[in-house]
Amino acid sequence: MVRGEVARALAALAAHRVEIEGQSISDLFRDDPQRFERFHIELDDILFDFSKHRLTETTLRLLLDLARAADVEARRAALFAGEPVNTTEHRPAMHMALRNLTDRPMYAGGQDVMPEVLAERLRMEAFAEAVRKGEAKAANGARFTDIVNFGIGGSDLGPAMAARALAPFVADHLSLHFVANVDGADLGDLLKRLPLETTLFVVCSKTFTTLETMTNAATARRRVAEALGEEAVADHFCAVSTHLDKIAAFGIRSDRIFGFWDWVGGRYSIWSSIGLTLAIGIGAEKFEKFLLGGQDIDAHFTSAPLDRNAPVLMALLGVWYRNLWGFATHAVIPYDQRMARFPAYLQQLEMESNGKSVDLSGGSASLATAPVIFGEPGTNCQHAFFQLLHQGTDIVPVDFLVAAQPSGADLEHHQLLFANCLAQSQALMQGRSLAEVVGRLEAENMSPEAIAALAPHKVFAGNRPSSTFLYKRLSPRVLGQLIALYEHKVFVQGVIWNINSFDQWGVELGKELAGKLAPIIADRESSTEAFDPSTAGLIAAARRRSKN
Ligand code: F6P
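Residues numbered from 1 in each chain as written. Predicted model: local features only at pLDDT ≥ 70, side-chain atom pairs only at ≥ 80, totals over all residues. Heavy atoms only, no water.

Here the focus is the nonpolar core. Counting 125 residues, the largest nonpolar core has Trp263, Leu276, Phe342, Leu479 and Leu482 as its most contacted members. Beyond its immediate chain neighbours, meaning those up to four positions away, Phe342 contacts Met161, Val332, Leu401, Leu482, Ile483 and Tyr486. (Core = buried A, V, L, I, M, F, W, Y, C linked by side-chain atoms within 4.5 Å. Buried < 20%, exposed > 50% of the residue type's maximum accessible area, 1.4 Å probe, protein only. Contact = heavy atoms within 4.5 Å.)

What follows is the structure in structure tokens.
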């Protein structure tokens, strides 16, 4: 029944799209000077401007009809009630409990998880503070100077992104490093400049079996044992996982092992003990501010009416472009160098969550699901791929993120950065017409022939949509809010697309095949006949080349 209503809501949107196709975003502003007032939301610390979109009051009403038809409110209630919304793994997705700083109970699978969440958070924060203050010491009695996070995917991207974003809050005497890739260059390059005698390694892996993390951790363990002695391992390693039994064999002290739960998806785990490296860097108080930001958005998401609900609107705009206009990509452009890893973080969050083609019933998804997410910090990307955003044949909706205040940097730099951010969203929307281009070239006294040849290349079609997220300053709380906004956006989109946003079976096949290939690649003599000709050919070519 619900899906029938969804189909009807989508049909109404499709008809509406045809009706408004001829209207540009600039026209909409001309017709309604109050448009910005109507189409922005002020959360505590973030202003979400969604006025530069192909969106009218009717569009919004029809998109909200779609959300209601998909039962977003009931599904949101199920999510927050800790029901097993991750249907293929029969688990809740209760990462919101990790950032619950109130006395309210929160349930996963019928059990109030807050007592254990709180206990583990306090243990983790106490250790983070001890490292930060130099109370938890290296084997030689010195305080730690360098913290190396081993993890990949959600066990890396969250802490790595946040540590960079919140660099001004990281203690001066600490350097945080993140090693993810099994490529030995990642760890090797770091080890060359790392003072091992004052380095703490944080091994983060939900499963504690992930090839990359286990390989890097084992290499580092060997190096520590060689350089500082086997007994030093206990002082120089700590671990975060849901599989505590697997950690013991590594030789890590039990008081340096931190847990979380299977109802926390890897890409939602930054709020858990997986945030340990971040918490060491910024301290427990700031880490809780970060959690508070997530909690702010949980409160907003669960209480704001749908038409003033930022994650719901972000999701609906995405669906509007993905499913009704056929736009297959989405750019996230932070005008904030410290947010350089935010697009990569969102790539995992959005593409691992909603890159699915099977629906909840096991049938083929009837709608196109997650777009390709990409992005880089502005202004850098203006000088790289923005050509395509302005004049390419594909339309790429953009999220711009920018702070009103610099985070300690030079004010003049920040003013230029900010001006560029606004200029880009304006340029994408307004474009530049042929008549305008011709007028400008005539004013330069160009010949009519030269104008005719050049003018088409200088035309910008415009009418290219974007949202802007303006925050006062990139603080722990604002970062928490931004992440949670996108998390709930992803959830709402998953509901509308009728898919499970919380599993990731698509990463399994490659892992399995790599497991089969690894021993063959290590053993140069074994036969490759069982493989397809391309794979076999590449192995043979690599064998020939590695002999030289
Ligand atoms: O391969 C995908 C994935 O399972 C992600 O979902 C996860 O964040 C990452 O690998 C790391 O997994 P783990 O924390 O278990 O090492």
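Structure shown, so let's carry the discussion forward.
All right, on to the environment of Leu416 then. With respect to the secondary-structure elements, Leu416 resides in helix H18 (residues 411-430). Of the residues examined, Leu416 reaches a relative accessible area of 52% and is grouped as exposed. Residues Leu416 and Phe39, spaced 377 residues apart in sequence, show a C-alpha to C-alpha distance of 26 Å. (Helix = DSSP H or I, 4+ residues; strand = E, 2+ residues; numbered from the N terminus.)

Counting buried positions along strand E5 (residues 146-150) gives five out of five residues, so the element sits mostly inside the fold. In E5, alternate side chains face the same way, and those of Asp146, Val148 and Phe150 on one face and Ile147 and Asn149 on the other are all buried. Bridging between E5 and strand E6 (residues 175-179) involves five bridges; their strand directions are parallel. Bridging across to E6, Asp146 finds its partner in Ser175. For the crossover that starts at E5, traverses helix H8 (residues 157-165) and ends in the parallel E6, the hand is right-handed. When E5 meets strand E7 (residues 199-204), the two strands line up parallel, connected through five bridges. For Asn149, the partnering residue across the bridge sits in E7 and is Val202. (Pairing = 2+ DSSP bridges. Right-handed = clockwise from strand over helix to strand, strands pointing away.)

All right, on to the pattern of salt bridges then. Within the structure shown, the criterion is met by 22 salt bridges. A salt bridge links Glu120 to Arg123; the shortest N-O distance between them is 2.8 Å. Taken together, the residues Glu120 and Arg123, both in helix H7 (residues 114-133) and three residues apart, mark about one turn of the helix. Between Arg221 and Glu230 there is a salt bridge, and its shortest N-O distance comes to 2.7 Å. Connected through salt bridges with shared partners, the residues Asp32, Arg38 and Glu57 form a single ionic network. (Salt bridge = Lys/Arg side-chain N within 4 Å of Asp/Glu carboxyl O.)

Function-wise, these values are silent; they only describe arrangement.
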